[in-house]
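# Inside the fold
Here is what each chain is made of, one letter per residue.
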Amino acid sequence: MKKIILLNAVVLMSVVGFSQTNFKWEKVDSVAKTKAQIYSDTKMFIAGTWVTASTETNGGAVAVQIITGNGQGTQNQPPDKHTIQNDDKEAGSILVSGEMEFNSFFTMNWHKYRYSYTVNFLMKEGKYKVVIDNVHCIYAHCANYDWPLIEPCDESNCPKYGKTGFPVERLLELMGTLKGNLQGIVDNYDAYIKKPSVSKDDW
């Protein structure tokens, strides 16, 4: 009996995998769909996720603008900043590049930071993989001035105020929001892809 339980645990571990380190996300999971269904549903997810920025929270999707109590804002970049870099149905691969902009009010000025990233959707029969990577700061601005770019960091390696002109506490808040938005892409895709595919006869 113990051998059967152990075998089931090993099989389960081989089917589901998730990791998030240093602003890189990777999730692999099984789903009761064909490769073609996963591909089609992924295209629908992309179309519904990377849309024009709005002023209301959209269930954790990237197309949101939120002004929080601490004077921090988040907004998705316009559609032209989000593009499908590669779309290979036969190979089961779709690569999306995108940008997110974050604003934080400090010393009477808005500090704006823009981050680019890539999302790679991979699919095969009954299985999918999503990878978020290449997260980089590509724009930083304060008032009318260019500001030091700040690469993704955590509490152990975020640069100090003297190098960024931005308090570490605020910087960690910004990084938490960036990380939460990117995690939201993985979570939303996982939930979306596990829903039944819409039949062509259901319209």
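As a convention, each chain's residues are numbered from 1 in the sequence order in which they are written. Local features in a predicted model are, by the rule used here, given only for residues with pLDDT of at least 70; side-chain atom pairs are given and counted only at 80 or more, and totals for whole chains, interfaces and linings are based on all residues. Side-chain measures here rest on the full set of heavy atoms in the structure, leaving out hydrogens and waters.

## Here's the deal with unusual backbone geometry
Of note in this structure, asparagine 134 is not a glycine but carries a positive phi near 55 degrees. Secondary structure elements are taken from DSSP: a helix is a run of H or I of four residues or more, a strand is a run of E of two residues or more, and numbering for both begins at the N terminus. For asparagine 134, the position within the fold is in strand S8 (residues 127-142). Residue classification places asparagine 134 among the partly exposed residues on the basis of a relative accessible area of 40%. Positioned with a positive phi, alanine 143 is a non-glycine residue whose angle comes to about 55 degrees. Its location among the elements puts alanine 143 in the loop between S8 and strand S9 (145-146). In this structure alanine 143 comes out as partly exposed when scored by relative accessible area, which is 38%. Note on classification: 1.4 Å probe, protein chains only; a residue is buried when its accessible area is under 20% of the maximum for its type, exposed when over 50%, partly exposed between these limits.

## A few points about the packing of aromatic side chains
Stacked, edge-to-face and tilted labels apply to pairs of Phe, Tyr and Trp rings (six-membered ring for Trp) whose centres lie within 6.5 Å, assigned for plane angles under 30 degrees, over 60, and everything in between, in that order. Within this structure, the stated rule accounts for 8 aromatic pairs. With 5.6 Å between their ring centres and 55 degrees between their planes, phenylalanine 45 and tyrosine 192 make a pair best called tilted. Linking phenylalanine 45 in helix H2 (residues 35-49) with tyrosine 192 in helix H4 (residues 168-193), this pair joins segments that are 147 residues apart in sequence. Look at tyrosine 128 and tyrosine 189: their rings are 5.4 Å apart centre to centre, the planes differ by 85 degrees, and that puts the pair in the edge-to-face class. With a gap of 61 residues between them, tyrosine 128 in strand S8 and tyrosine 189 in helix H4 connect regions that are remote in the sequence. The pair formed by tyrosine 128 and tyrosine 189 is uniform in burial state, with each residue classed as buried. Among the aromatic residues, ring-to-ring pairing joins Phe45, Phe121, Tyr128, Tyr189 and Tyr192 into one connected group. Whether a charge sits over a ring depends on NZ of Lys or CZ of Arg being within 6 Å of the ring centre and within 35 degrees of the ring normal. If you follow arginine 114 out to its NZ or CZ, it ends over the ring of tyrosine 139, 4.4 Å from the centre. Across the ring face of phenylalanine 23, the terminal group of lysine 179 is positioned such that the distance to the ring centre comes to 4.9 Å.

## Overview of the confidence of the model for the chain
For every residue, the pLDDT score states the predictor's confidence, bounded by 0 at the bottom and 100 at the top. Looking at the chain as a whole, the pLDDT averages 77, with 73% of positions reaching at least 70. Mean pLDDT across the elements of the chain ranges from a minimum in strand S3 (residues 65-67), with 36, to a maximum in strand S2 (residues 24-30), with 96. We call two residues in contact when some of their heavy atoms are within 4.5 Å. Scored below 50 in pLDDT, residues 1-15 makes 5 contacts in the model with residues more than four places away or belonging to other chains. When the criterion is pLDDT under 50, residues 52-73 qualifies, and its contacts beyond four places in sequence or with other chains add up to 53 contacts.

## Quick look at the state of the cysteines
Linking two cysteines covalently via their sulfur atoms produces the bond known as a disulfide. Cysteine sulfur atoms that pair up within 2.5 Å are treated as a disulfide. Summed over all chains, the structure comprises 1 disulfide. Note on cysteine connectivity: cysteine 153 is disulfide-linked to cysteine 158, with sulfurs 2.0 Å apart. Handedness of the cysteine 153-cysteine 158 disulfide follows from its S-S torsion of about 85 degrees: it is right-handed. Judged by its relative accessible area of 7%, cysteine 158 is buried. Free of any disulfide, cysteine 137 has its nearest cysteine sulfur in cysteine 153, 10.0 Å distant.

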